[in-house]
Amino acid sequence: MKTLLIALALCFASASSLMAELTLPHFFSDHMVLQRERPAAIWGKAAPNADIKVSFKGETVTTKSDANGAWKIEIATGMADATGAELTIQANDEKRVIRDVLVGEVWFASGQSNMFFPMNRVKAYEEMISKTNLPAIRTFSAPLVTATEPQDDIEGEWTAASPETIPGYSAVAFFFTKHLHEELEIPIGMIKSAWGGKPVETFTSRAALNTHPGTKKMVDALLQADAGYDQTKAQAAYETRLDQWEAALAEAKKLPAAERKKLPKKPQPPKRPLDTEGRPGVLFDSMIYPFAGYTMRGAIWYQGEGNAKPGAVPYDETLPLMINDWRERWDDDFSFYYAQLANYKPVATEPGNNDPWPLLQDRMRLVLDTTPKTGMAIINDIGDAKDIHPKNKHDVGKRLALWALAKDYGQDITYSGPLYQSSNNVKGAIEVTFDQVGSGLRVRDGKELQRFEIAGEDKVWHWATAKITNEDTVIVMNSKVEFPVAVRYAWAANPEGANLVNSEGLPASVFRTDDWDDVEEKIDPAVAKAAEVRRALAVEIKALGARLKALEPKAEEARELLKKRQEMLKEFKATAPAAK
């Protein structure tokens, strides 16, 4: 009898689990924030053809799931409300209750490490964190995950801003939400989905990337690499590298600490190319697609470091490609505001700098003219020459918020630093006109304007004398350039001394009036391929060297490895680029 009762109980439990078909993405959960004054989309899965009913604050809407159990519905949210309410979702006889739901403004934060950068990495923020308790600011932080195809869900939970949770929040995203909350006095929800060191292409769908010749090549290369991927061979190669690394580590430990050389990083387990972070479309599938359709006001973005390199597909083409891809997925022309790259690297002291960093910064500026409802926070005054992760994230978040306050919330404010508008020749000089000057252009430090460059048809750049001649104009000249044709400003990765600002103290963006191609380093495909071969040889030579250290010099294996290493060294030297 006891056995029968246990069997029946297990049957009922099994039947109950089969009936429990209602599932929701993790971001539809307790403490979430719904976008105010718009129908908010809610979706999930249930039994096929189930009756779905969603209720919130006196509103009820119904639909039916499709033959696969998928359903999506919209429900009115009303005015902003900081009092937590219940969102009820029912599928046939099964019900889910999501508690403490606020209504306010919802934003999405993405990008690479400077967006991921958490509050607890800045010691100066410790006291503020300890005293900050803002329950009307909520954040959903996505984990770092990859996927080979678009995902319907991603783990995570909503948390309210408190001394316990803020340390892990994205610093840029937190200061953005905090400034909006202080100005609007309503709840702000932020979804953060960012991963350090990753290019813009990985956050864009492969379908969108295939529409551009430059990015399609990346997708084709990825698919080719994935088709030729052999997990068994990759695992064997990994284990060999790991053995070599462990042998080198063991040998290093035998030496006094002062004599130990820096070891290479521990090898990482192999990953299928289509499941490797940073590859085209991979993070879109895993960390962007799950949120597509979540009703929100807009997105903020801090990325570009991963694309600031010679030969990259122009950023004023790749970023709009991603923005439009996201907007299509959301079926919403939402606002999109991004941070221009900060100043970085050693200070450039000569004009005519060809670093790809200012080129990418300028291409970010061009996106403002080509892609509607975009905005750019200029931050070339708060970077760090030695750190690609500047600590001042407060000003980045606030400057992004200024765009939102002006464009989305109707505040009559100066929301950007000076932006290049036009130029014209005036008697041996060039007059440059700016937009976003506030009540007039200023010099930040009271000195002469610096970092303006001027050139004639010979394309030779000279430092220029520049003076503010009107509230929105600057005259630029150099006596050595009798007939000037082009001007640049702050054209360097680290344009120390650049001091043109507006009346609000916001810095002017880098710009150029020319379209000369001397700012782009041309890459010979044959040279690039040879460099790739040399890099691969160098890795193998280093690995063999580490292995040799772990063997007895007279051992047969050691002699074979030494011979192989000498052959590789010979090939490595033979493929060295010719001296110029």
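Chemist: I would appreciate a short explanation of the sheet that holds strand S17 (residues 452–455) in the present structure.
Modeler: Pairing between the strands of a sheet comes from backbone hydrogen bonds, and it takes one of two forms, parallel or antiparallel. Strand order in the open sheet made by the four strands is S18-S17-S21-S23, with antiparallel pairing throughout. Looking at the sheet topology across the chains shown, the edges are occupied by strand S18 (461–463) and strand S23 (511–512). One ladder, built from three bridges, connects S17 with S18; its direction is antiparallel. The partner of Ala 455 across the bridge, within S18, is Trp 461.

Chemist: Looking at this model, I keep getting lost on the nonpolar core. Mind explaining?
Modeler: Here is a general trend for soluble globular proteins: nonpolar side chains tend to be buried in one another's company. One finds Trp 71, Tyr 294, Trp 301, Leu 319, Trp 326 and Phe 336 to be the most contacted residues of the largest nonpolar core, which totals 67 residues. The contacts of Phe 336, once residues within four sequence positions are left out, are Ala 299, Trp 301, Leu 319, Met 322, Ile 323, Trp 326, Arg 327, Lys 373, Thr 374 and Gly 375. Ranked by size, the runner-up nonpolar core spans 31 residues in total, among them Trp 107, Ala 339, Trp 403 and Leu 506.

Chemist: What's the story with the pairing of strand S21 (residues 486–489) in this structure? I'm lost.
Modeler: For a regular strand, side-chain orientation follows a simple rule: the groups alternate between the two sheet faces. What you see with S21 is no split at all: Ala 486 and Arg 488 on one side and Val 487 and Tyr 489 on the other are buried throughout. Note that S17 and S21 share four bridges and pair antiparallel. Bridge assignment links Glu 453 to a residue of S21, and that residue is Arg 488. Pairing geometry for S21 and S23, over two bridges, is antiparallel. Residue Tyr 489 lies in a different strand from S23, and its bridge partner there is Phe 511.

Chemist: Please explain the sheet that holds strand S14 (residues 419–425) as it appears in this structure.
Modeler: Ordered by their spatial adjacency, four strands build an open sheet running S14-S15-S20-S19, and the pairing between neighbours is antiparallel. Each of the sheet's edge strands pairs with one partner strand only, and the pair in question is S14 and strand S19 (465–470). If you compare each strand with its neighbour and ignore which way they point, the axes differ by 25° on average. Pairing analysis gives five bridges linking S19 to strand S20 (residues 473–477), with the strands arranged antiparallel.

Chemist: Explain the packing of helix H4 (residues 171–184) against helix H11 (residues 394–407) here, please?
Modeler: Helix packing for two helices is described by the angle between their axes and how far apart those axes are. Contact geometry for H4 and H11: axes closest at 7 Å, N-to-C directions at 45°. For the element pair H4 / H11, the angle class is oblique. The chirality of how H4 crosses H11 is right-handed. Along the contact surface, H4 presents Val 172, Phe 175, Phe 176, His 179, Leu 180, Glu 183 and Leu 184, while H11 presents His 394, Val 396, Gly 397, Lys 398, Leu 400, Ala 401, Leu 402, Ala 404 and Leu 405. By residue class, the composition of the contact of H4 with H11 is eleven nonpolar, three polar and two charged.

Chemist: Would you take a moment to explain the packing of helix H9 (residues 315–330) against helix H10 (residues 356–370) for this structure?
Modeler: Viewed as axis vectors pointing N to C, H9 and H10 meet at an angle of 50°, and their least axial separation amounts to 8 Å. Comparing their axes, H10 and H9 come out oblique. Like other packed secondary-structure pairs, H9 and H10 cross with a definite hand, here right-handed. Seen from H9, the contacting residues are Tyr 315, Asp 316, Leu 319, Pro 320 and Ile 323; seen from H10, they are Leu 360, Arg 363, Met 364, Leu 366, Val 367 and Thr 370. For the contact of H9 with H10, a count of residues per class yields eight nonpolar, one polar and two charged.

Chemist: It is not clear to me how the confidence of the model for the protein should be interpreted in this structure. Could you clarify?
Modeler: Predicted coordinates in regions of low pLDDT should not be interpreted in detail. Averaged over every residue, the pLDDT of the protein is 92; the share at 70 or more is 92%. Here residues 4–18 scores under 50 on pLDDT; set against residues more than four positions off or in separate chains, the count is zero contacts.

Chemist: I would appreciate a short explanation of the pattern of salt bridges in the present structure.
Modeler: As a working rule, side chains carrying opposite charge can pair if their charged atoms are close by. Within the structure shown, the criterion is met by 28 salt bridges. As a salt-bridge pair, Arg 363 and Asp 316 come within 3.7 Å of each other at their nearest N and O atoms. One end of the pair, Arg 363, is in helix H10; the other, Asp 316, is in helix H9, and 47 residues separate them in sequence. Relative accessible area serves as the criterion here: at 12%, Arg 363 is assigned to the buried category. A salt bridge links Arg 399 to Asp 381; its shortest N-O distance comes to 2.9 Å. In this pair, Arg 399 sits in helix H11 while Asp 381 sits in the loop between strand S13 (374–377) and H11, placing the two residues 18 residues apart along the sequence. Residue class for Asp 381 comes out partly exposed when judged on its relative accessible area of 28%. Because the salt bridges share partners, they merge into one network encompassing Asp 362, Arg 365, Arg 488, Arg 512 and Asp 514.

What counts and how
- Residues numbered from 1 in each chain as written.
- Predicted model: local features only at pLDDT ≥ 70, side-chain atom pairs only at ≥ 80, totals over all residues.
- Heavy atoms only, no water.
- Pairing = 2+ DSSP bridges.
- Helix = DSSP H or I, 4+ residues; strand = E, 2+ residues; numbered from the N terminus.
- Core = buried A, V, L, I, M, F, W, Y, C linked by side-chain atoms within 4.5 Å.
- Buried < 20%, exposed > 50% of the residue type's maximum accessible area, 1.4 Å probe, protein only.
- Contact = heavy atoms within 4.5 Å.
- Axes fitted to C-alpha atoms, helices over the stretch in contact; angles between N-to-C directions.
- Parallel < 35°, antiparallel > 145°, perpendicular 65-115°, else oblique.
- Left-handed = near helix turned anticlockwise from the far one by under 90°.
- Nonpolar A, V, L, I, M, F, W, Y, C, P; charged D, E, K, R; others polar.
- pLDDT = per-residue confidence, 0-100.
- Salt bridge = Lys/Arg side-chain N within 4 Å of Asp/Glu carboxyl O.

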